[in-house]
Amino acid sequence: ASMSARAFAFASASRVQPTRALARRRDARRRASNADGASSWTVVVDRASSRFGSDLLVERVSSDCPNAAFAGALVLTRADAPDAVLSERRDDGRESRSGRAVGRGGVFDAFATLPATLEGEARRGKKTIGILGLGAGTCAEIMAGHHDDVDMIGWELDPAIVELARRHFAVGDLEREGRLRVVTGDAFEGCARSEIEFDGLIVDCFDENSVVVACLKDKATWEALAARLKPGGRVVANVSTGRGKGAKLDDAIACAQALADATSDEVTIWRAGACSIWNELILSGPEVNWRRVADEYGDFASLTKDWFYFKKPADAASGAPWLAKTLGVDNDSA
């Protein structure tokens, strides 16, 4: 398969991420007097200080918000980065087969397709999925809602996020049901030291500025994670690195190649802008039968599109940036 740099590139500078509109309205609400009766798209329902960045905010988005993707949702953000939604939860009648509220075609839903992509031993029987960067548990809730045969271990670095997750999101319920075990601490170190063989791993780790962590560009990081997978297991990761002129396309490509080089010299990329979701996902392992995935999980059929598969060319030199070359992107233009 081929994929041009334009196809893989981020949203144009003129395209504004929808959550920024929410952030501007929220800031205006904070400056305005509550006595004026003005409506707001968001209301802060809880907050917590964090030693890893600015205060964490739990906010309820009004049901009449013009951004349908977040209308009625409970969202977790940081005070100084309101356009970066860390986690979300909604209960508006959009329920999965097991009765849990699900998302609306976002990146957390895309993560939940992982079990359907597994091969061989990892595809059979009860599955254990590791989530590196649990946040407030959105991915875990959606995963549990669609996969009765999946249990999860989630690592979250920030104890303040874990506290809010148990208080307002689904984490507490999932823990009590035995579907999720939460570990507070460094996800990469914890997973690498784990004695568990995982069927799949989800990596959704960003720093306090919502920038993908630098270690994901390091082949050794992925080698350590891949060593914890069963045969046929896969890793899927969010490597969103920005939008418009500020996008760091070269970082996303470097993460994707590092994953490929550490596993089977192949990687599948979900491009920015697919399904109007401005995230870049990378998936390890052989090419996926996406028709099979869509047939098995019709709720997520739209999320099986816009995946592009790449394999390292046989003549690529060791350490050479073969993926950037394949995409037609060099470091000067990325």
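Quick summary incoming for the structure in this document. Fair warning: this is a prediction, and the values are worked out from it, not measured in the lab.

Some points on the sheet that holds strand β5 (residues 127-132)
And step 1. The sheet built from eight strands is open, its strands ordered β7-β6-β5-β8-β9-β11-β10-β12 with mixed pairing. For this open sheet the edge positions go to β7 (180-184) and β12 (307-311), each flanked by a neighbour on one side alone. Looking at each pair of strands side by side, their axes are set apart by 20° on average, direction ignored.
And step 2. Of the pairings in the sheet, the one linking strand β6 (residues 150-156) to β7 comprises five bridges and is parallel in character. Bridge assignment links G154 to a residue of β7, and that residue is V182.
And step 3. Across the sheet, helix α6 (residues 138-146) lies against β5, β6, β7 and β8 (198-203), angled at about 180° from β6, the strand it touches most.

Quick word on the pairing of β8
And step 1. By the criterion of burial, β8 is predominantly enclosed, with six of the six residues buried.
And step 2. Bridge analysis of β5 against β8 gives four bridges, and the strand direction is parallel. The residue of β8 that forms the bridge with I129 is G200.
And step 3. Both β8 and strand β9 (residues 229-238) contribute to a ladder of five bridges, which runs parallel. The residue bridging V203 from the neighbouring strand is A237, located in β9.
And step 4. Note that the unit made of β8, helix α10 (residues 219-226) and β9 has a crossover that is right-handed.

Looking at the pattern of salt bridges
Pairing of side chains with opposite charge becomes possible as their charged atoms draw close.
And step 1. Under the defined criterion, the tally for this structure stands at 18 salt bridges.
And step 2. A salt bridge links D151 to K126, with the shortest nitrogen-to-oxygen separation between them at 3.7 Å. Residue D151 is located in strand β6, and its partner K126 is located in the loop between α5 (120-123) and β5; the two are separated by 25 residues in the primary sequence.
And step 3. Judged by its relative accessible area of 23%, D151 is partly exposed.
And step 4. For the salt bridge of D173 with R176, the shortest nitrogen-to-oxygen distance reads 2.6 Å. Of this pair, D173 and R176 both sit in helix α8 (residues 171-176), three residues apart, which is roughly one turn of the helix.
And step 5. The exposure class of D173 is partly exposed, given its relative accessible area of 30%.
And step 6. Each of R89, E141, D173 and R176 takes part in a single network of salt bridges with overlapping partners.

Notes on the packing of aromatic side chains
One pair of aromatic rings is described through two measures. These are the centre distance and the angle between the planes.
And step 1. According to the stated counting rule, one finds three aromatic pairs in the structure shown.
And step 2. Residues W290 and W307 carry aromatic rings whose centres are separated by 4.8 Å and whose planes lie at 20° to one another, so their mutual orientation is stacked. Of this pair, W290 sits in helix α12 (residues 290-296) while W307 sits in strand β12, and the two are 17 residues apart along the sequence. Note on accessibility: W290 and W307 belong to one class, buried.
And step 3. Taken together, the aromatic side chains of W270, W290 and W307 make up a single cluster linked through ring pairs.

Section: the nonpolar core
And step 1. Formed by 48 residues in total, the largest nonpolar core has its most connected members in L76, M152, L180 and I202.
And step 2. Those residues in contact with I202 that sit more than four places away from it in its chain are F111, L114, I129, G130, I131, L132, C139, M143 and V236.

Regarding the sheet that holds strand β1 (residues 42-50)
And step 1. Strand order in this open sheet of four strands is β1-β2-β3-β4, and the pairing throughout is antiparallel. Two strands lie at the open edges of the sheet, namely β1 and β4 (87-89), each paired on one side alone. On average, adjacent strands in this sheet sit at an angle of 20° to one another, irrespective of strand direction.
And step 2. Here seven bridges tie β1 to strand β2 (residues 53-61), and the two strands are oriented antiparallel to one another. Residue pairing in the sheet places V44 in a bridge with E59 of β2.
And step 3. In this fold helix α7 (residues 159-168) packs onto β1, β2, β3 (74-78) and β4, with an angle of close to 140° to the strand it touches most, β1.

Cut-off values and rules
Residues numbered from 1 in each chain as written. Predicted model: local features only at pLDDT ≥ 70, side-chain atom pairs only at ≥ 80, totals over all residues. Heavy atoms only, no water. Pairing = 2+ DSSP bridges. Helix = DSSP H or I, 4+ residues; strand = E, 2+ residues; numbered from the N terminus. Axes fitted to C-alpha atoms, helices over the stretch in contact; angles between N-to-C directions. Contact = heavy atoms within 4.5 Å. Buried < 20%, exposed > 50% of the residue type's maximum accessible area, 1.4 Å probe, protein only. Right-handed = clockwise from strand over helix to strand, strands pointing away. Salt bridge = Lys/Arg side-chain N within 4 Å of Asp/Glu carboxyl O. Phe/Tyr/Trp six-rings, centres within 6.5 Å; stacked < 30°, edge-to-face > 60°. Core = buried A, V, L, I, M, F, W, Y, C linked by side-chain atoms within 4.5 Å.

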